[in-house]
Amino acid sequence: FLYQKVGEKLAANNILSLSAEDLYEEIITPMIKETQSYLQAHTKEFDQFTFSDNGIKSSFLIVKRLKQTDKNLSFMVRCSIEKDSHSHLVFTVNGVSFTMIRVQTAHFYLGRFPVTQRLWRAVMGTNEQCLYKRDNYPVEKVSWYDCQNFIQRLSLITGKSFRLPTEAEWEYAAKGGAHSKRFNYAGGNNSNEVAWHKGNSRENLHEVGLKRPNELGLYDMSGNVYEWCEDGYKTRQDDEVSARGVRGGNYLANKEYCRITSRYAITPNYRDHGIGFRLALTL
């Protein structure tokens, strides 16, 4: 229901403005009515269900809290979407723009850069968890679950269904897709030209986009931060476990771990200052 309402507001001009009052009047109240109508029509399907006046009144507390945070984190969300001449999608959320590059023949888009701290803050309100606090540095110290929370909020703002890339999508894009030149690293065979790793980073995180991109114009797919993938980690025997795959290596890893084919498994609740993520989108 929420995605439908936001999508309707975006459909006209790709701009969404949602104040605390709008939230209550246009989303919370209709959602309450939809829930009540559903329960009345399906009373026999529930053994016990209570939708009290206190439950309804609690929505006012949401609005009150939003008003309190408006001074520091504006809940007035502004989003625009446009296409450039190369079929890339450019999104702007609260004044912060990011580009999704189309991976041709694979029919999905991937973020030109890892999610930056500036974009994370535009969506989530803070980047206090990061060890290195710089706008154009990749966001780090985020778990797989943290990424899902960010993606859910971003999808609500834009009306698009963002997600993490699967391991297969990540590797295909890192190799350059249909334009692949079969490099060992994303963008070349010389790791120093395309990646920040233990041998050249001086053990410091770096701003995104300083190294050479790969054949698709994707930056930092090797090195700087590991990137979470959506699917569970699978072995050669196709046994799926609860861990999630991370790809690409990071600024503290030996260059061998920054190879396109290098894989690593981490539990989804783990946070580390060398792990970030990149957005994927299928239209």
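Provided above is the structure to which this section pertains.
This is a predicted model, so every value here is computed, not measured.

This brings us to the layout of surface pockets. Taken as a whole, the second largest pocket encloses approximately 250 Å³ of empty space. What lines the second largest pocket is a set of 15 residues, and nearest its centre among them are Ser97, Phe98, Thr99, Phe113 and Thr116. Put simply, the parts of the chain that give the lining of the second largest pocket at least two residues each are β3 (96–103) and α4 (117–124). When residues of the lining of the second largest pocket are assigned to their parent elements, the largest contribution, four residues, is made by β3. Here the lining of the second largest pocket is built from residues that sort into eight nonpolar, five polar and two charged.

Across the eight residues that make up helix α6 (residues 167–174), a large majority, six, are buried. Every buried residue of α6 is accounted for by Glu167, Glu169, Trp170, Glu171, Ala173 and Ala174.

Attention shifts here to the pattern of salt bridges. Applying the stated rule across the entire model yields ten salt bridges. Residues Arg247 and Glu171 are paired through a salt bridge, measuring 2.5 Å at the closest nitrogen-oxygen approach. On the criterion of sequence distance, the pair formed by Arg247 in strand β7 (residues 240–247) and Glu171 in helix α6 is long-range, its members being 76 residues apart. Glu171 matches Arg247 in its accessibility class, with the two residues each being buried. Among the charged side chains, a network of salt bridges with common partners joins Glu167, Glu171, Lys175, Arg247 and Arg263.

Our focus in this paragraph is unusual backbone geometry. Phi is positive for Asn94, close to 50°, though the residue is something other than glycine. Among the structural elements, Asn94 can be located in the loop between β2 (89–93) and β3. Residues other than glycine seldom take positive phi values, yet Lys141 does so here, at roughly 60°. Within the fold, Lys141 resides in the loop between α4 and α5 (144–158).

Time to look at the packing of aromatic side chains. Aromatic ring pairs are described here by two measures, namely the spacing of the ring centres and the angle between the planes. Applying the stated criterion across every chain yields a total of ten aromatic pairs. Ring centres of Tyr132 and Tyr251 lie 6.1 Å apart, and the angle between their planes is 85°; this geometry places the pair in the edge-to-face category. Of this pair, Tyr132 sits in the loop between α4 and α5 while Tyr251 sits in the loop between β7 and β8 (263–266); the two residues are 119 residues apart in sequence, bridging distant segments of the chain. Tyr132 gets classed as partly exposed once you look at its relative accessible area, which sits at 22%. Given the relative accessible area of 0%, Tyr251 is considered buried. Ring plane angle 75° and centroid distance 5.5 Å describe the contact between Phe150 and Phe277, whose orientation is recorded as edge-to-face.

A few words now on the environment of Val96. In this fold, Val96 is placed in strand β3. Taking relative accessible area as the criterion, Val96 reaches 11% and is therefore assigned buried. Taking C-alpha positions, Val96 is 9.4 Å from Arg121, a pair spaced 25 residues apart along the chain. With near-sequence residues (within four places) excluded, Val96 lies in contact with Phe91, Arg118, Leu119 and Ala122.

For the pair α4 and α5, the least separation of the axes is 10 Å and the interaxial angle reads 65°. By the angle between their directions, the pair α4 and α5 is classed as roughly perpendicular. Both α4 and α5 take part in a crossing whose hand is left-handed. Residues Leu119, Trp120, Val123 and Met124 of α4 form the contact with α5, whose own contacting residues are Asp146, Asn149, Phe150, Arg153, Leu154 and Ile157. In terms of residue class, the contact of α4 with α5 is built from seven nonpolar, one polar and two charged.

Thresholds applied
Residues numbered from 1 in each chain as written. Predicted model: local features only at pLDDT ≥ 70, side-chain atom pairs only at ≥ 80, totals over all residues. Heavy atoms only, no water. 1 Å grid on protein atoms, 1.4 Å probe; cavity = no way out; pocket = protein on both sides within 12 Å on 5 of 7 lines; lining within 4 Å. Points joined across faces, edges and corners; volume = space filled by probe spheres on them. Helix = DSSP H or I, 4+ residues; strand = E, 2+ residues; numbered from the N terminus. Nonpolar A, V, L, I, M, F, W, Y, C, P; charged D, E, K, R; others polar. Buried < 20%, exposed > 50% of the residue type's maximum accessible area, 1.4 Å probe, protein only. Salt bridge = Lys/Arg side-chain N within 4 Å of Asp/Glu carboxyl O. Phe/Tyr/Trp six-rings, centres within 6.5 Å; stacked < 30°, edge-to-face > 60°. Contact = heavy atoms within 4.5 Å. Axes fitted to C-alpha atoms, helices over the stretch in contact; angles between N-to-C directions. Parallel < 35°, antiparallel > 145°, perpendicular 65-115°, else oblique. Left-handed = near helix turned anticlockwise from the far one by under 90°.

Just distances and angles here, no functional claims.
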